Amino acid sequence: MPTKEEHIMMVAEKLFAANGYNGTSVRDIAAKAKVNVSMISYYFGSKENLMEELFKWRMEEGLNFAKNIVENNDLTEIEKIDAFIDNFVNRVQRLRDFFLLVHTQQVISQNKNIQNFLKASKINYIEINEQIVEIGLEKGVFTKRPSYHFLQCTISGTIFNAMHGIKIYKEYLKKHNPDFDEKQYESQYFQEASAHVKTIVRALIGYQEN
């Protein structure tokens, strides 16, 4: 069960994504979360601080999982890469409202703390991938050293574009695939997105299945 602070942040996340930061008031959040405005002030102080804490919470959550993958000695290097990609895809699918916020904040945010959270998160993800690939290169499992910042661009950019295009591609598939299953579409869509990214990454790091 989420804590009271987490519950408020989750409600704010949905409202910010739907109505925009400027289009969402503290009263809107309080009403939707079924709490008093004073409780939001007590936990967060202001709407801006609430937004910052939301980004800090979600970013740390994702990075902790990625770091756990790196430290898991039961996984091979390619299994770590696959787990990293699967986790990224699952988070984007599960937390679509937050990643819509990430996209808009990267473009329009004047909040330096949020910009710093995003920058630190990107650098951490680049370094995590670099650590995994470099070990794989030392072991001879991988044969190519990619540009690590572009490797992360490939992973995150492909997945974000898949998220933004899900409705468009749905219409395309309905038109061109007579066996299209609308009920299974979303889960299958993100599974295919994950498999697609894994194929690209394998080519970039020079990995071939035995």
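For the structure, see preceding data.
Our subject in this report is the structure included herewith. (Residues numbered from 1 in each chain as written. Predicted model: local features only at pLDDT ≥ 70, side-chain atom pairs only at ≥ 80, totals over all residues. Heavy atoms only, no water.)

Considering the overall build of the chain
Keep this limit in mind: A run of DSSP states H or I qualifies as a helix once it reaches four residues; a run of E qualifies as a strand once it reaches two. Both are numbered from the N-terminal end. For the exposure calls, accessible area comes from a 1.4 Å probe over protein chains only, and a residue counts as buried if that area is under 20% of its type's maximum, exposed if over 50%, partly exposed in between. Pairs of residues are marked as contacts when any of their non-hydrogen atoms sit within 4.5 Å. Per-residue accessibility takes into account occlusion by the displayed protein chains alone, with areas from the Shrake-Rupley method and a 1.4 Å probe. In this tally Asp and Glu are treated as negative and Lys and Arg as positive; neither His nor the chain ends contributes. A charged residue contributes its charge at one atom only: NZ of Lys, CZ of Arg, CG of Asp or CD of Glu.
When helices and strands are tallied, the chain shows 10 helices and 0 strands. Overall, the chain shows an N-to-C arrangement of helices and strands of α-α-α-α-α-α-α-α-α-α. With respect to the principal axes defined by its C-alpha atoms, the chain has extents near 60 × 45 × 35 Å. Counting only residues that meet the buried cut, the chain has 40% of its 210 residues in that class. Taking the contacts inside the chain whose residues are at least 6 apart along the sequence as the reference set, 68% of them involve residues at least 24 apart. Per element, the accessible surface of the chain, about 12,300 Å² overall, is 50% carbon and sulfur. When the 26 positive and 27 negative side-chain charges of the chain are each reduced to one mean point, those points stand 6 Å apart.

A few points about the nonpolar core
Filter applied, for reference: In this description, a nonpolar core means a group of buried Ala, Val, Leu, Ile, Met, Phe, Trp, Tyr and Cys residues linked to one another through side-chain atoms lying within 4.5 Å.
One finds Ile-29 and Phe-55 to be the most contacted residues of the largest nonpolar core, which totals 58 residues. Among the elements that make up this core, the one with the highest residue count is helix α4 (residues 47-70) (9 residues). In this structure Ile-29 touches Ile-8, Val-11, Ala-12, Leu-15, Phe-16, Thr-24, Ile-40 and Leu-50, once residues within four positions along its chain are discounted.

Some remarks on the pattern of salt bridges
Opposite charge on two side chains permits pairing when their charged atoms draw close. This is how the line gets drawn: Salt bridge, as applied in this entry: a Lys or Arg side-chain nitrogen positioned within 4 Å of an Asp or Glu carboxyl oxygen.
Scanning all chains against the criterion turns up 12 salt bridges. Arg-91 is the partner of Glu-61 in a salt bridge, and the nearest nitrogen-oxygen pair spans 2.9 Å. Here the residue Glu-61 occupies a position in helix α4, and Arg-91 occupies one in helix α5 (residues 77-94), the gap between them amounting to 30 residues. Residue classification places Arg-91 among the buried residues on the basis of a relative accessible area of 5%. Of the charged contacts in the structure, one is a salt bridge between Arg-202 and Asp-82, with a shortest N-O distance of 2.8 Å. Here the residue Arg-202 occupies a position in helix α10 (residues 185-205), and Asp-82 occupies one in helix α5, the gap between them amounting to 120 residues. An identical accessibility class is assigned to Arg-202 and Asp-82; each is buried. Among the charged side chains, a network of salt bridges with common partners joins Glu-13, Arg-58, Glu-61 and Arg-91.

Remarks on the environment of Leu-15
Secondary-structure assignment places Leu-15 in helix α1 (residues 4-19). Taking relative accessible area as the criterion, Leu-15 reaches 14% and is therefore assigned buried. Residues in contact with Leu-15, not counting those within four places in the same chain, are Gly-20, Thr-24, Asp-28, Ile-29 and Lys-32.

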